[in-house]
Each structure stands twice: as structure tokens, then as C-alpha cells.
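# Geometric and topological summary
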Amino acid sequence: MEQVSGLGEGWPGEGLDDTSGLGSGLWVRGVDYMAGWRVAREAADQVNLALLAAEFEPSELRAVAATNDNGGGLVRLVGLPSAAVRLAGLLGRLTDGDGGVL
């Protein structure tokens, strides 16, 4: 099984790798963090509804809204490793084996 858990050559960052300041607690004056958080919250709510429909309990796996240092919205998936593995299995069944979606 190929490991893709870290950022490396060819890893699709799309700006998501810029999360170094998430835990710092420092906010920059003039950055509208709430706008990014609201967008992330709406997306996280949609993901959480889908997780509930797939019979995941919020205590085992849930989407959480956050922002990056620039105020852009981020959605983080947090939960138990076993639930993440279960989700990976479900998502894996949606592909055609060549990396495409059925």
C-alpha cells in the first residue's frame, strides 16, 4: 500500500499545506477570519450530514470548520483512526480502480 500521508512531490496541496499557523492563536489585524470560517462551516455541515447518512457518529468522525493564516476557510476531518479507515474503504469503493470515479 502506497503511503500518501505527507506532503511530497506531486501532492495536491491547493493551498492546504499552509496550515502552520492554525495552532498558533495569532490573528492578523485586518484579516476577515469570520468570512472564511462561515464558508468552511457550511461545507463542514454538508460533510457532516453525509457522514451521518453513512452511519458515522460525530464522536467517531466529523468535519470541523477552521481558517488558515490568511483567513481562507479550511475544513478538517477529525476523528478516530478506525473511522478514517472505514471512510477510506467507502471512498475506495466509489472509484473504478484507475483513479476515476464510477
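Up top is the structure these notes are about.
As the structure is a computational prediction, the values presented were derived from the model and not from experiment. Residue numbers restart at each chain and count upward from 1, following the sequence in its written direction. With pLDDT at 70 or above as the cut-off, local features in this predicted model cover only qualifying residues; side-chain atom pairs require 80 or more to be listed or tallied, and sums for whole chains, interfaces and linings still use all residues. The side-chain figures draw on all heavy atoms in the structure; neither hydrogens nor water molecules are used.

Attention now goes to the side chain of E60. Here a helix means four or more residues in a row that DSSP labels H or I, a strand means two or more in a row labelled E, and each is numbered from the N terminus. Residue placement: E60 occurs in the loop between α1 (33–53) and β1 (61–67). With near-sequence residues (within four places) excluded, E60 lies in contact with E55, V78, G79, L80, A83 and R86. Contact definition: two residues touch when any of their heavy atoms are within 4.5 Å.

This part covers a nonpolar patch on the surface. On the surface, a cluster of nonpolar side chains totalling about 220 Å² of accessible area is made up of V47, V75 and L77. In this structure, V75 sits in strand β2 (residues 73–79). Throughout, exposure labels follow a simple rule: accessible area from a 1.4 Å probe, protein chains only, divided by the maximum for the residue type, with under 20% read as buried, over 50% as exposed, and the rest as partly exposed. For V75, a relative accessible area of 39% gives the class partly exposed. A residue counts toward a patch only above 30% relative accessible area and without a salt bridge, and it is joined to like-charged neighbours within 9 Å or, for Val, Leu, Ile, Met, Phe, Trp and Tyr, to nonpolar neighbours within 5 Å. Surface accessibility follows the Shrake-Rupley procedure with a 1.4 Å probe radius. Residue values consider only the protein chains on display as shielding. By definition here, a salt bridge exists when the distance from a side-chain nitrogen of Lys or Arg to a carboxyl oxygen of Asp or Glu is within 4 Å.

As a further point, take the pattern of salt bridges. Summed over the entire model, instances satisfying the criterion amount to two salt bridges. Between D45 and R41 there is a salt bridge, and its shortest N-O distance comes to 3.1 Å. In this pair, D45 and R41 both sit in helix α1, four residues apart, roughly one turn of the helix. Under the relative-accessibility criterion, R41 is labelled partly exposed at 39%. One salt bridge connects E60 with R86, and the closest N-O pair in it is separated by 3.6 Å. Separated by 26 residues along the polypeptide, E60 in the loop between α1 and β1 and R86 in helix α2 (residues 81–92) bring together distant segments of the chain.

Moving on: the packing of aromatic side chains. Pairing of aromatic rings covers Phe, Tyr and the six-membered ring of Trp, with a centre-to-centre limit of 6.5 Å; geometry is then stacked below 30 degrees between planes, edge-to-face above 60, and tilted otherwise. Inspection of every chain in the model, using the stated rule, returns zero aromatic pairs. We count a charge as sitting over a ring when the NZ of a lysine or the CZ of an arginine lies within 6 Å of the ring centre and within 35 degrees of the ring normal. In this arrangement the basic side chain of R86 is found over the ring face of F56, its NZ or CZ atom lying 3.9 Å from the centre.

This brings us to unusual backbone geometry. Look at E55: it is not a glycine, yet its phi comes out positive at around 70°. Among the structural elements, E55 can be located in the loop between α1 and β1. A relative accessible area of 64% places E55 in the exposed class.

Coordinates in, geometry out; function isn't part of it.
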